[in-house]
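So you can see what is in the structure, the chains are spelled out below.
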Amino acid sequence: MKPQTHIWPEEFIEAEGFVTASATIESSDRQKLWYRVPIEYRSALSSTCDPFVVATILTVMRSGDDCVVHGEVSPSLLSNLEEFQAAWSSWRPDTYRIVPLSAESEREAELASEGNRAISAFSGGVDSCFTALRHRTGGCGRQQRNLEAGLMVRGFDIPLEDGDEIFERAAERSRTMLSSVGMELVPMATNFREAIAIPWEDAFGIAIASCLHLLQRKYTAGLIPSSYGYRALSFPYGSNPVSDPLLSSRSLEIVHDGAIAIRLEKIQALVNWPEAIENLRVCWQGEQKDRNCGRCEKCVRNILNFRAIGAGLPSCFERDVTDDQILKLRVRGGGLDALEGLLAAIPTERATEPWVKALKRTIRRNRAINALEARIPKPWKNRLRQIKKIGG
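These notes cover the structure that comes with them. (Residues numbered from 1 in each chain as written. Predicted model: local features only at pLDDT ≥ 70, side-chain atom pairs only at ≥ 80, totals over all residues. Heavy atoms only, no water.)

## Observations concerning the overall build of the protein chain
Looking only at helices and strands, the protein chain features 13 helices and 11 strands. Since a compact globule built from 392 residues should have a radius of gyration of about 21 Å, the 22 Å found for the protein chain is in line with a globular shape. With respect to the three principal axes, the spread of C-alpha positions in the protein chain is 65 × 50 × 40 Å. Across the 392 residues that make up the protein chain, the buried fraction comes to 52%. (Helix = DSSP H or I, 4+ residues; strand = E, 2+ residues; numbered from the N terminus. Rg over C-alpha atoms; globule rule 2.2 N^0.38 Å. Buried < 20%, exposed > 50% of the residue type's maximum accessible area, 1.4 Å probe, protein only.)

## Thoughts on the nonpolar core
Of all hydrophobic cores here, the largest spans 62 residues; its most connected members are F84 and F192. The element best represented in this core is helix α6 (residues 200-214), accounting for 9 residues. With 53 residues, the next largest nonpolar core counts F122, L270, L342 and I346 among its residues. (Core = buried A, V, L, I, M, F, W, Y, C linked by side-chain atoms within 4.5 Å.)

## Digging into the packing of aromatic side chains
Per the stated rule, a full pass over the model turns up 11 aromatic pairs. Seen in terms of ring centroids, F84 and W88 are 6.3 Å apart; in terms of plane orientation they differ by 35°. Their pairing is tilted. Remark: W88 and F84 occur in helix α2 (residues 75-91); sequence separation between them is 4 residues, near one turn of the helix. A relative accessible area of 0% means that W88 is categorised as buried. Measuring from ring centre to ring centre gives 6.5 Å for F156 and F192, while their planes differ by 80°; the resulting arrangement is edge-to-face. (Phe/Tyr/Trp six-rings, centres within 6.5 Å; stacked < 30°, edge-to-face > 60°.)

## Some points on the side chain of S251
Mapped onto the elements of the fold, S251 is located in the loop between β10 (221-225) and β11 (253-257). Within the structure, S251 has its side chain in polar contact with the side chain of S249 (distance 3.1 Å). In this structure, S251 is in contact with A109, E110, L111, Q216, Y219 and T220, ignoring residues within four places of it in sequence. (Polar contact = N/O pair within 3.5 Å; in protein donor to acceptor, adjacent residues only side chain to side chain. Contact = heavy atoms within 4.5 Å.)

## Considering the pattern of salt bridges
Note that side chains of opposite charge can pair when their charged atoms are close. Counting across every chain of the model gives 26 salt bridges. A salt bridge links E148 to R117; the nearest nitrogen and oxygen atoms lie 2.7 Å apart. Here the residue E148 occupies a position in strand β8 (residues 147-154), and R117 occupies one in the loop between β6 (101-106) and β7 (118-121), the gap between them amounting to 31 residues. Put simply, E353 and R350 hold a salt bridge, and the shortest N to O gap is 3.1 Å. Assessed through its relative accessible area of 27%, E353 is described here as partly exposed. Beyond isolated ion pairs, a larger network of salt bridges with shared partners links D127, R263 and K266. (Salt bridge = Lys/Arg side-chain N within 4 Å of Asp/Glu carboxyl O.)

## Topic: the packing of helix α3 (residues 126-136) against helix α7 (residues 263-270)
When two helices pack together, you describe them by how their axes are tilted relative to each other and by the distance separating the axes. In contact at an axis separation of 9 Å, α3 and α7 are set at 55° when each is read in the N-to-C sense. The pairing of α3 with α7 is recorded here as oblique in orientation. In the packing of α3 onto α7, the handedness of the crossing is left-handed. The segment α3 lies against α7, with V126, D127, C129, F130 and L133 engaging R263, K266, I267, A269 and L270. (Axes fitted to C-alpha atoms, helices over the stretch in contact; angles between N-to-C directions. Parallel < 35°, antiparallel > 145°, perpendicular 65-115°, else oblique. Left-handed = near helix turned anticlockwise from the far one by under 90°.)

## Notes on helix α4 (residues 164-180)
Here α4 contains 17 residues, and its C-alpha end-to-end distance of 24 Å stays within 8% of the 24 Å for a straight helix at 1.5 Å per residue. Three or more residues of α4 are buried, namely I166, F167, A170, A171, S174, M177 and L178. The buried residues of α4 occupy one face: seen down the axis, they fall within an arc of 120°. Of the exposed residues in α4, those oriented more than 90 degrees away from the buried face are D164 and E165. Residues of α4 that are buried in the fold lie against α3, β8, β9 (184-190) and α8 (274-279). Phi for G182, located one or two positions after α4, is positive at around 75°. (Expected span 1.5 Å × (residues − 1). Arc of directions from axis to C-beta.)

## Quick notes on unusual backbone geometry
A positive phi angle, near 55°, is found at E16, a position not held by glycine. With respect to the helices, strands and loops of the structure, E16 is situated in the loop between β2 (13-15) and β3 (18-26).

## Quick look at the pairing of β3
Here β3 lies mainly inside the structure; 7 of its 9 residues are buried. Two strands pair when backbone bridges link them, and strand β1 (residues 4-9) and β3 are joined in this way by 4 bridges, in the antiparallel orientation. Counted as the bridge partner of P9 is A23 from β3. As judged from the 3 bridges shared by β2 and β3, these two strands associate in the antiparallel manner. What sits directly across from E14, in β3, is V19. Bridge count for β3 against strand β4 (residues 30-38) is 9 bridges, and the pairing is antiparallel. Bridging across to β4, T20 finds its partner in R36. (Pairing = 2+ DSSP bridges.)

In structure tokens:
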């Protein structure tokens, strides 16, 4: 008999001012996946298994197991997930394969009673701020959504093990930005990253979409802010304009938003939003996850984007970047692509400025290092990682 993965939904649990939705995922082992929101959002929570099917889709594709859901799933979601599987199995044929999905009950979830209400994932970074601003200020034409709320998730860039105070301080920054444009902050926590053992660069799109699906009794659209613009798309990547919409159901449309702009253009749009300039949070590598460290690759890259448009150092960063910091950057993949895009956007008359020269040198150096690393056999790479861990 072919191996199967079973999804067993559990009853909502209300305790200490929160409500928790969970399911047990049973295959060769058992994992409990849960999502928790403040009790006032109880009426927004879906009773379907849609969030859990979305959350586990790459897991079953990697294992090759048939997926059996012991609950109710939207047939429109199952249909879309067939095409989602077609995309990811084409991009990563050695990792993901198409598997059958079945449910004890297939029925479309009821549309949110008030209709035409949207919520967007909101980390407090450039991409999510750009999505919030353009929908709240009429900057997206016929793509305009009635964007009422931003969803900030504990357990993604801010780990669950970090204290409540750290998440709350970060959430307060987001709340300040959103309230200034008439939006509500919806906080959520989940153990997705512990329960779903898929590399984050592949999984973060389904992670966000699963959280949005949980709120489908209140919202009809869930927005995922784009990481890359249409002019610099990266495939395969966990969130993209091809596969994100394939995580939709008839009751909740998943929208990949903001790819019309590259990061430099997004930052240009934010410079006149004072609450964003003061509270923007782009850092996930620093020790204090509720603020920007100003030293990691992502912080440096964003500071340089502000510098490139002549905006100076925004107040959300405590210190500026030195040329020496630029020269010492170690960047791979999408981060290096972003630096190259930034360099290409800097006017030629500024090419002789010291920081621009430093940026050129660090891009050349990282290109060379990455090319050399690509030629190292995988067993050697694993051994080098072990040596680095032993060395501390």
